[in-house]
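This is what each chain is made of:
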Amino acid sequence: MAAPVETDPAKDAALKNYLQKHFKIPSGELIKLGPAIKTPFDGLFARQLIVGNEAGQTVSTTIFFDKSETKAIIGQYLDTSMEPWGRVNMGSVSLDDRPTQGPADAPVTIVEFADFECPFCAHAFSVIETLVNTTYKGKVKVIFKAYPLNVHPWAMKAAEAAECARLQNPAAFWDFARYFYTNQGSINAKNIEDNVDKLARQQKLDAPSLKACMDSAQTAARIKQDQTDGNTIHVSSTPTFFVNGIPVVGLPDGKIMDFVIDSELAGKGPSASATKE
């Protein structure tokens, strides 16, 4: 990776001000500029541009600009000699002892970073369950990673509850997830604990042990590890999926997931020649 190039803070501020007005972004705080780097084109520099909203969702792209930062192109530089998927090395991500669906030896692994309070994650949940249990049954494994966003007041508590339920009964995790997603509209920071108590009774879990687990530093550390892992591989919004390392960001369209999964089944793993059922 090219070394960062120093930029003028005043010019950076002027660029952000222009972008805020041009794209009608309500607050300049929602615009983030990454370090500038030289591109293979003489006199052209690039940096990551991240724009968020008040709900915590973000979109990331690349902005190219001249040294004076008075002329810019927003888009993506492509080197077609490189691997096209943008595949991420998942070696730095903790995947052991996490909630899973699907067989351990499945040729395709989907790592999902999600937030139980995120409406897009709720829509994605049924799509992913269908992929694992029906469309690609036996060929896809999903590993869940908790990525509660700071803007969601009960997401962290829900993540801790689901994790602690899993430690008592692995299957209970998915029942907790389904409940949180289905009832997002009625859950809030004040009643989340009541909802967790109700779930614990329904799942016949040991409620005192569940509460002690939710209050433990170890549980908080495990959720924090998932968040740190996500940050390491540039997760910035939920849901974000990595299909054998290939990033798919946002609500997964079935055709997009089918395309990525079919491509992986055609070229990787012991079941590379397998087709959908």
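Residues numbered from 1 in each chain as written. Predicted model: local features only at pLDDT ≥ 70, side-chain atom pairs only at ≥ 80, totals over all residues. Heavy atoms only, no water.

Participant: Go over the sheet that holds strand S11 (residues 246-249), please, and point to the residues and values.
Facilitator: Whether parallel or antiparallel, the strands of a sheet pair through hydrogen bonds between backbone atoms. With mixed pairing, five strands are arranged side by side in an open sheet as S7-S9-S8-S10-S11. Since the sheet does not close on itself, it has two edges, and those belong to strand S7 (100-101) and S11, each with one partner. In terms of strand pairing, strand S8 (residues 108-114) meets strand S10 (residues 240-243) through four bridges, oriented antiparallel. Bridge pairing in S10 places isoleucine 110 opposite valine 243. This element, helix H4 (residues 170-182), spans S7, S8 and strand S9 (140-146) of the sheet and lies at about 65° to S9. Against the sheet, helix H7 (residues 217-232) makes contact with S8 and S9, and its axis sits at roughly 110° relative to S9, the strand it touches most. (Pairing = 2+ DSSP bridges. Helix = DSSP H or I, 4+ residues; strand = E, 2+ residues; numbered from the N terminus. Contact = heavy atoms within 4.5 Å. Axes fitted to C-alpha atoms, helices over the stretch in contact; angles between N-to-C directions.)

Participant: With reference to specific residues and values, describe the packing of aromatic side chains.
Facilitator: In total, this model carries 16 aromatic pairs according to the counting rule given. Taking the centre distance of 6.4 Å and the plane angle of 25° together, the rings of phenylalanine 125 and tryptophan 174 count as stacked. Pair noted here: phenylalanine 125 is in helix H2 (residues 119-135) and tryptophan 174 is in helix H4, with a separation of 49 residues, a long-range link. Residues phenylalanine 125 and tryptophan 174 agree in their burial class; the two are buried. Feature note: the residues Phe116, Phe125, Phe144, Trp154, Phe173, Trp174, Phe176, Tyr179, Phe180 and Tyr181 constitute an aromatic cluster, connected by ring pairs. Here the basic side chain of lysine 67 rests over the ring of phenylalanine 45, its NZ or CZ set 5.1 Å away from the ring centre. (Phe/Tyr/Trp six-rings, centres within 6.5 Å; stacked < 30°, edge-to-face > 60°. Buried < 20%, exposed > 50% of the residue type's maximum accessible area, 1.4 Å probe, protein only. Lys NZ or Arg CZ within 6 Å of the ring centre and 35° of its normal.)

Participant: Requested: an account of unusual backbone geometry, with residues and values cited.
Facilitator: Residue proline 239 is reached from threonine 238 by a cis peptide bond, and omega for that bond is -5°. Take proline 239: it is sitting in the loop between H7 and S10. With a phi angle near 55°, lysine 24 is a residue other than glycine that sits in the positive phi range. Examined against the element boundaries, lysine 24 turns out to sit in the loop between helix H1 (9-22) and strand S2 (31-33). Residue classification places lysine 24 among the exposed residues on the basis of a relative accessible area of 66%. Its identity is not glycine, yet glutamate 69 carries a phi of approximately 60°, on the positive side. Here glutamate 69 lies in the loop between strand S5 (58-65) and strand S6 (72-75). Glutamate 69 sits in the buried class, given a relative accessible area of 9%.

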